[in-house]
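Below, each chain spelled out in residue letters.
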Amino acid sequence: MWRAIYPEAYILKTIFSVLSKIVDDVLIEVSEEALVLRRIDNARAAYVQVDFPVSEFNIWQFEANYTVGASTSMLMKVFKNAKRYDYVELMIDNDELSIALYNPQYRTDARRFVIKLFNADETFQIKELSNDVRVDFAPPRLYIDIIKGANSIGAEKLKIIANAEARTIRFLAQTEEGEKYEYLLDLEKSWYVTLYEIRNDAESEYSLEYLNKVTNIAKIAKAATIEFSKKMPLILNFMISQIRFQYVVAPRLL
């Protein structure tokens, strides 16, 4: 049995809402040190992993490791019932996940849901990549603004170009009809950027359909990191307190 209490239901509500846009089901891994949610999408074009350290929970009662699967659409349906100041009690026992939502001032008003779990595994693992470009920025509003601009012209892909000498990153989008959008990020002058490294010039292109799926995570995160190399996966890390939401998107090669 495993039981934990997390004090911010709206955070989990947002996370599961975003997960449901990326994958149909999610692997839930419980260990003595952390709760991990992860999965690769059916097209094998995106991978998502969310790491919750024990320190994020008010209560953590651990008896055994678990590796189980759950439907993201069902989790999303449950967390639609979450209110702004609700706490969440999570409990796994055998093949069931119990989720209780409650206001800590009125503990008797708990709403409890039980969903069925299934045996699952995930052989895919992210390899440690030594990327040519890394930019840390806070707040992640920068990501939202870039994606919003590209969406506004109806583009389907976003090209990212890093110039080591100029210390800039250009985000370019273009439609088939020729409309264009550009966001030039001056790494030395931008107040968003907290740290950066460009070891080599790099250029790669990614699907906006996939990049759009995590904009709501950017809204609740406090900081973010973007990493990439030439024609390599884009790695986005969003930090929500000590929770890391990692999203990896394959490049568009055509």
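Let me begin by describing the structure that accompanies this report. (Residues numbered from 1 in each chain as written. Predicted model: local features only at pLDDT ≥ 70, side-chain atom pairs only at ≥ 80, totals over all residues. Heavy atoms only, no water.)

Applying the stated criterion across every chain yields a total of 15 salt bridges. In this structure, lysine 116 and aspartate 95 form a salt bridge, with 3.6 Å as the shortest nitrogen-oxygen distance. Highlighted residues: lysine 116 in strand S9 (residues 111-116) and aspartate 95 in the loop between strand S7 (87-93) and strand S8 (96-102), separated in sequence by 21 residues. Taking the shortest distance from any N to any O, the salt bridge between arginine 134 and glutamate 227 comes out at 3.8 Å. (Salt bridge = Lys/Arg side-chain N within 4 Å of Asp/Glu carboxyl O. Helix = DSSP H or I, 4+ residues; strand = E, 2+ residues; numbered from the N terminus.)

Relative to the elements of secondary structure, glycine 69 occurs in strand S6 (residues 66-71). Overall, the relative accessible area of 0% leaves glycine 69 in the buried class. Between the alpha carbons of glycine 69 and arginine 111 there is a distance of 22 Å; along the sequence they are 42 residues apart. Ignoring sequence-local partners within four residues, the contact set of glycine 69 consists of Val26, Leu117, Phe118 and Ala120. (Buried < 20%, exposed > 50% of the residue type's maximum accessible area, 1.4 Å probe, protein only. Contact = heavy atoms within 4.5 Å.)

In this section: the nonpolar core. In this structure, Ile28, Leu158, Ile169, Phe238, Phe245 and Tyr247 are the most contacted members of the largest nonpolar core, which totals 82 residues. Per-element tally for this core: the top contributor is helix H1 (residues 9-22), with eight residues. Not counting chain neighbours up to four residues away, the residues in contact with isoleucine 28 comprise Leu35, Val36, Leu37, Tyr66, Thr67, Val68, Ala70, Ile92, Leu97 and Leu117. (Core = buried A, V, L, I, M, F, W, Y, C linked by side-chain atoms within 4.5 Å.)

Our next topic: the packing of H1 against helix H2 (residues 72-79). Where H1 meets H2, the axes come as close as 8 Å, and the angle between the chain directions of the two elements is 150°. By the angle between their axes, H1 is roughly antiparallel relative to H2. H2 is crossed by H1, and the crossing has left-handed handedness. Across the interface between the two elements, Ala9, Leu12, Lys13, Phe16, Ser17, Leu19 and Ser20 of H1 pack against Thr72, Ser73, Leu75, Met76 and Phe79 of H2. (Axes fitted to C-alpha atoms, helices over the stretch in contact; angles between N-to-C directions. Parallel < 35°, antiparallel > 145°, perpendicular 65-115°, else oblique. Left-handed = near helix turned anticlockwise from the far one by under 90°.)

Spatial strand order, S5-S1-S7-S8-S9: five strands in an open sheet with antiparallel pairing. The open sheet is flanked by strand S5 (59-62) and S9, the only strands paired with a single partner. Adjacent strand axes in the sheet meet at a mean angle of 15° when their direction is disregarded. In this fold H1 packs onto strand S1 (2-6) and S7, with an angle of close to 60° to the strand it touches most, S7. Along the sheet face, H2 touches S7, S8 and S9 and points at about 20° away from the line of S8. (Pairing = 2+ DSSP bridges.)

This part covers H1. Within an α-helix, residues lying three or four positions from one another point in the same direction, as the helix has 3.6 residues per turn. The end-to-end C-alpha distance of H1 is 20 Å, a good match for the 20 Å that 14 residues give at a rise of 1.5 Å each. For H1, the set of buried residues is Ala9, Ile11, Leu12, Thr14, Ile15, Phe16, Val18, Leu19 and Ile22. (Expected span 1.5 Å × (residues − 1).)

Moving on: a negative patch on the surface. On the surface, a cluster of negative charge is made up of Glu156, Glu176, Glu177, Glu179 and Glu209. Residue placement: glutamate 179 occurs in the loop between strand S13 (168-174) and strand S14 (180-186). (Patch = residues over 30% accessible without salt bridge, like charges linked within 9 Å, V, L, I, M, F, W, Y side chains within 5 Å. Areas by Shrake-Rupley, 256 points an atom, 1.4 Å probe, with all protein chains shown as cover. Lys, Arg positive; Asp, Glu negative; His and termini not counted. Charge placed at Lys NZ, Arg CZ, Asp CG, Glu CD.)

Pairing of strand S2 (residues 25-30) with S6, which is carried by six bridges, proceeds in the antiparallel orientation. Counterpart to aspartate 25 in the pairing with S6 is serine 71. Sheet topology places S2 next to strand S3 (residues 34-40); four bridges connect them, and they run antiparallel. Bridge assignment links leucine 27 to a residue of S3, and that residue is arginine 38. Taking the residues that link successive antiparallel strands as the turn, the S2-S3 hairpin has three residues.

Quick look at the side chain of aspartate 86 now. With respect to the helices and strands, the residue aspartate 86 is situated in the loop between H2 and S7. What makes aspartate 86 buried here is its relative accessible area of 3%. Polar side-chain contacts of aspartate 86 include one of 2.5 Å to the side chain of arginine 111. Those residues in contact with aspartate 86 that lie beyond four places of it in its chain are Pro7, Glu8, Ala9, Asn81, Leu101, Tyr102, Asn103 and Arg111. (Polar contact = N/O pair within 3.5 Å; in protein donor to acceptor, adjacent residues only side chain to side chain.)

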